[in-house]
2 protein chains.
Amino acid sequence: MEEILRQQIEKIVPLTDDEFRLVLSHFSVGNYKKHQYIVQQENPVPYVHFVVKGLLKSFYIDKSGKSHILQFAMEDWWITDNQGFYKEENATLNIDCLEDAQTYYITLENRDQLCVALLKMEFFFLQKMTAGNIALQNRILSLMSKNSEERYIQFIQLYPDLIHRIPKTLIASYLGISRETLSRLSH
Amino acid sequence: MEEILRQQIEKIVPLTDDEFRLVLSHFSVGNYKKHQYIVQQENPVPYVHFVVKGLLKSFYIDKSGKSHILQFAMEDWWITDNQGFYKEENATLNIDCLEDAQTYYITLENRDQLCVALLKMEFFFLQKMTAGNIALQNRILSLMSKNSEERYIQFIQLYPDLIHRIPKTLIASYLGISRETLSRLSH
DNA sequence: GATAATTTGTGACCTATATCACATCAATGC
DNA sequence: GCATTGATGTGATATAGGTCACAAATTATC
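For chain A, the name recorded in an unreviewed UniProt entry is Crp/Fnr family transcriptional regulator, with Flavobacterium petrolei as its organism.

Participant: Please provide a residue-by-residue account of the relation of the copies chain B and chain A, values included.
Facilitator: Least-squares fitting of chain B to chain A yields an RMSD of 0.0 Å, with the superposition described by an axial translation of 0.0 Å and a rotation of 180°. The two molecules are tied by a two-fold rotation axis, judged by turn and shift. By residue overlap, the copies meet face to face through one surface: 100% of the interface positions of chain B are interface positions in chain A.

Participant: Tell me about the sheet that holds strand β2 (residues 37-39) of chain B, and please be specific about residues and values.
Facilitator: Strands sit in the order β2-β7-β4-β5 (chain B) across an open sheet of four strands; the sheet is antiparallel. The sheet is open, and its two edges are formed by β2 and β5 (67-73) of chain B, each paired on a single side. Sheet twist, expressed as the mean angle between neighbouring strand axes with direction ignored, is 30°. Most of the contacts of helix α5 (residues 119-145) of chain A go to β5 of chain B, to which it runs at about 140°, and overall it touches β4 (56-61) and β5 of chain B.

Participant: Break down the protein's contact with DNA strand D for me, with residues and values.
Facilitator: Close to DNA strand D lie 19 residues, the nearest being K168, R179 and R184 of chain A together with S178 and T181 of chain B. Counting only atoms of DNA strand D within 4 Å of the protein, the sugar-phosphate share comes to 47%. Within the side chain of K66 of chain B, an N or O atom sits 3.2 Å from a phosphate oxygen of DNA strand D. Of all the elements in the fold, those that place two or more residues in the surface near DNA strand D are α8 (168-175) and α9 (179-185) of chain A together with α9 (179-185) of chain B. Partitioning the surface near DNA strand D into residue classes produces two nonpolar, eight polar and nine charged.

Rules and cut-offs
Each chain has its residues counted from 1, following the order in which its sequence is written. Ligands are numbered from 1 and chains lettered from A, in the order in which they are written. Reporting in this predicted model follows two pLDDT cut-offs: at least 70 for local features of residues, and 80 or more for side-chain atom pairs to be given and counted; totals over whole chains, interfaces and linings ignore these cut-offs and use all residues. For side-chain calculations, the full set of non-hydrogen atoms in the structure is used, while hydrogens and water are omitted. Only residues with pLDDT of at least 70 in both copies count here: their C-alpha atoms drive the least-squares fit that superposes the copies. Two residues qualify as a contact provided that any one of their heavy atoms is within 4.5 Å of a heavy atom in the partner residue. At least two DSSP bridges between two strands are required for those strands to pair. Counting from the N terminus, the helices are the DSSP runs of H or I reaching at least four residues and the strands are the DSSP runs of E reaching at least two. The axes used here are C-alpha line fits, helices contributing only the stretch in contact, and every angle between their N-to-C directions lies in the interval 0 to 180 degrees. If even one non-hydrogen atom of a residue comes within 4 Å of a molecule or strand, that residue is called near it. Each polar contact in these results corresponds to two N or O atoms within 3.5 Å; when the atoms are within protein, one needs to be able to donate a hydrogen and the other to accept it, and residues that are neighboring in sequence are counted only if both atoms are side-chain atoms. Residues are grouped as follows: nonpolar covers Ala, Val, Leu, Ile, Met, Phe, Trp, Tyr, Cys and Pro; charged covers Asp, Glu, Lys and Arg; every other residue, Gly included, is treated as polar.

Structure (structure tokens):
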């Protein structure tokens, strides 16, 4: 499982065995069961998680009680409530497991220490954050310029693996459309 | 004008005079006129711009020819086409000036060199990118969970300064609604 | 300061998508 | 293996917001 994390980092910065041991020593391993919450609205957000097994989602519950999915995260993805984690505030999002999951997680303090101890890790996190920004901007443009069907088609193209692991109801919630509308599209 | 850039950086990392001179030496100054484009769809994106004067917007033109505003940038804001700039691809966005503008701009190469020469600048860029991520995620949740009126009210709260500098037509385009709908709301 | 261009408001009408309500079917837990 | 819970499809209806069209008001530009 460590290998998944190592490969993820080495896609951006090469590491010696010693360096990777140093990296790893800043993380902990967590095992979670389907339906388990790892972040809850109104509670602190102590960790960023790197998923090595399973599938999670982060979602926001609006004041009318409707749930909106911000992100899915499967193997090789990072997930947290960014606002809660980086600003050290209570969560506005929830994160729970759609499948049994295993993650490598790290605190903000450990992440900062790791960056000091191994400078290239700061570069790694910057690259990851940049890629995240680009993806988020594209999602905004997609929400503004595409209709339901176009967004659904785009989702299938971007995340073909997810289609078979996630109920349509949740894909609808990610795309910002009702499950009925998605049902009427998908054929 | 340099002072605006210095203060922006020093909100996150303190700088000596020498360090700031080093920072500054990696930037160039650009002056642009109202209606001038600084990034154009299908063209390279050589710079990130830090705005010291004036007002710009970045926008996407969809296949039906409709324009969608991704970002405004006034004094003390950064703007570029992230995808084009960081991936060194041609732009998918346009950026033009809503008012005469002045920016400090930097190439990707110079940014990377600057980070090597002055490590704290990498930390600065990481913090900025993180803050950007949080803002983008909130915008996505806003698009998914709020109606037109709520989004408009939120915009006024977030950017009270912009309301008086930007025509409603453009605010509508930023909020993802038609100008007619915004007109009917705003009173 | 006159002319052109842009912005704004508003009516009439249209449409994509939401909502509500059931029925069926599949998965999951004990 | 049965009972509960969740997923999916589909009809009927409602509605927020889009589109088109025009006029008035405001702002740029030479």
